[in-house]
Amino acid sequence: MSDILIVDDERDIRELISDILEDEGFTTRLAGTSDEAVAEVKAELPSLMILDIWLKDSDMDGIDILKMVKREHPEVPVVIISGHGNIEIAVAATKQGAYDFIEKPFNIDQLMVVIRRAMETSRLRRENTELKRRDGSPAEMIGSSAAFKALKSQLEKVTKSNGRVLLTGPAGVGKEMAARYVHMHSDRGAAPFVVVNSASIEAERMEEVLFGRECAERGVEPGLLEEANGGVLYFDEVADMPLGTQSKILRVLVDQRFQRVGGGDKVSVDLRVISSTNRDLQAEIDAGNFREELYHRLNVVPISVPPLSERREDIPVLAEYFLELFNKNNGLPLRELAEEAGAMLQTLNWPGNVRQLKNMMERVLILGDGSGPIQASELPGQDAPGEVEGDQQVVVSGALAMMPLREAREAFEREYLLAQINRFGGNISRTANFVGMERSALHRKLKSLGVVTGSKAGARVAYVAGEDEVEEA
């Protein structure tokens, strides 16, 4: 971008500046009044403005135009010029967000230095904004389980609308990934995706971070709401937002307008809001920690993101994906996952969900010998009932060691079959084939152990039946 808008009521001045800039390779547009300047800005946003303070035959002076531009387009640098320069005007211009102030008659070399610096600052801000948009994990959804397919189907439906989405689920399941997927596949995919980490922002700074601020020392500093203009604002763990800020965000959702901290003018934005939480927001409302009105505004389309325990079929595929990702991005060795290791991953507990699996794969690559497929022996043990030592001697856990043989055998069989059924997505036929039992025999064994299967989050999972279910069975 090299388009510069020159606003000056003296025709000779604006044409002189235009000729100089065009000789330097810039493209220019000219305006002699405030109306012409406003019309040019609305027609196409310039990369930079050179703006005279005093404009004859105009409804607005340069400071008024400056305030309007910085309110609606804070990313555009504005260089103020004036033949009546004094310290008061320079301070006023800087306070309203001007990049610099040059007094007429100006030195051409000085003007070019200021313009080049302003253009470079503008370029760096655009690049920084673009990097922020791309920051984070790519919005690639990995999996083939029934629970995953149900989730992806819901996400694809909401990409076609502009409705607010509330993503729920325990920590580490990939709620931000789901939000990025909605953003990337929507009409706003080329616009910003801005994350508000509600838990990491200090309560006393939350409003300043969100709304921005205006002050004499630093001028206008846009907040996250303005950075997200035209795109998606993602509230990560929205339950951690301070109550005072909640009421103001509620007003923004209604009006799509707000005031910067220390400012008096209203700033308009066009936002789609996606939120996430791992808490029960209704319980937070009952406890007085969350505003019910805000909950209903955010919860237009509720989507539950399933934990890894409900999509065990996806674990080997996810593990392979992370192994390739660490090789590509971090230069770690490219290693495959042995079939036995993949099967073991499916039987482990995953309280940290997808994030925990990702961390484990990185740890294995860092600490491993860097050659050959990853074996089950390289995986950190997690709540295993026993482990093998020396010449295959089995060391049982303390809980099993304290049980009579019959109870210990039943406990082992129950946990083993639960793990295998969930590993195969609730498919009894595949489980029976793997464990080496007839399907009818497996059904009888499950009934004797009190294990049943049922639908949850679009997938079939196995669990230990409650008393009522046992009686019905």
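Refer to the structure above for everything that follows.
Every value quoted in this text rests on a predicted model; they were computed, and no experiment measured them.

Chemist: Whenever I open this one, the overall build of the chain confuses me. Can you help?
Modeler: Check the secondary structure of the chain and you find 20 helices and 18 strands. Expressed as a percentage of the 473 residues in the chain, the buried residues total 45%. If you take every contact in the chain between residues at least 6 apart in sequence, the share linking residues at least 24 apart comes to 68%. Accessible surface for the chain amounts to roughly 24,300 Å². Of this, 48% is attributable to carbon and sulfur atoms.

Chemist: What is the right way to look at the packing of aromatic side chains in this model?
Modeler: Two aromatic rings, taken as a pair, are described by how far apart their centres are and by the angle between their planes. Applying the stated criterion across every chain, the model contains 5 aromatic pairs. On the numbers, 5.9 Å between centres and 25° between planes, the contact of Phe 193 with Tyr 234 is stacked. Placement of Phe 193 in strand 7 (residues 193–197) and of Tyr 234 in strand 10 (residues 232–236) is noted, with a sequence separation of 41 residues between them. In this structure Phe 193 comes out as buried when scored by relative accessible area, which is 3%. When its relative accessible area of 0% is taken as the criterion, Tyr 234 is described as buried. Centroid distance Phe 424 to Phe 434: 5.6 Å. Interplanar angle 55°. Geometry classified as tilted. In this pair, Phe 424 is assigned in the loop between helix 17 (405–423) and helix 18 (428–435) and Phe 434 in helix 18, connecting sequence segments 10 residues apart.

Chemist: Looking at this model, I keep getting lost on the side chain of Ser 18. Mind explaining?
Modeler: You can see Ser 18 is positioned in helix 1 (residues 11–23). Here Ser 18 falls in the buried class, since its relative accessible area comes to 6%. With sequence-adjacent residues up to four places away left out, Ser 18 is seen in contact with Ile 6, Thr 28 and Leu 30.

Chemist: Got a minute to help me understand the sheet that holds strand 13 (residues 272–277) in this structure?
Modeler: Sheet strands associate in pairs through backbone hydrogen bonding, adopting either a parallel or an antiparallel arrangement. Across the sheet, 5 strands lie side by side as 7-10-13-6-14; this open sheet has parallel pairing. Edge positions in the sheet fall to strand 7 and strand 14 (301–304), since each has one partner strand and no second. Strand-to-strand, the axes of this sheet are offset by a mean angle of 20°, without reference to chain direction. Note that strand 6 (residues 165–168) and strand 14 share 4 bridges and pair parallel. Residue Leu 166 lies in a different strand from strand 14, and its bridge partner there is Pro 302. Most of the contacts of helix 7 (residues 175–184) go to strand 7, to which it runs at about 155°, and overall it touches strand 6, strand 7, strand 10 and strand 13.

Chemist: Explain the sheet that holds strand 5 (residues 100–103) here, please?
Modeler: A sheet is described by the order of its strands in space; here 5 strands give the open sequence 2-1-3-4-5, paired in parallel fashion. In this open sheet, the two edge strands, each paired with only one partner strand, are strand 2 (27–31) and strand 5. Along the sheet, successive strands turn relative to each other by an average axial angle of 20°, direction set aside. By the bridge criterion, 4 bridges tie strand 3 (residues 48–52) to strand 4 (residues 78–82) in an arrangement that is parallel. Its bridge partner being in strand 4, Ile 50 is matched across the sheet by Val 79. Strand contacts of helix 1: strand 1 (3–7), strand 2, strand 3 and strand 4, with the helix running at about 170° to strand 2, the strand carrying the most contacts.

Conventions adopted
Residues numbered from 1 in each chain as written. Predicted model: local features only at pLDDT ≥ 70, side-chain atom pairs only at ≥ 80, totals over all residues. Heavy atoms only, no water. Helix = DSSP H or I, 4+ residues; strand = E, 2+ residues; numbered from the N terminus. Buried < 20%, exposed > 50% of the residue type's maximum accessible area, 1.4 Å probe, protein only. Contact = heavy atoms within 4.5 Å. Areas by Shrake-Rupley, 256 points an atom, 1.4 Å probe, with all protein chains shown as cover. Phe/Tyr/Trp six-rings, centres within 6.5 Å; stacked < 30°, edge-to-face > 60°. Pairing = 2+ DSSP bridges. Axes fitted to C-alpha atoms, helices over the stretch in contact; angles between N-to-C directions.

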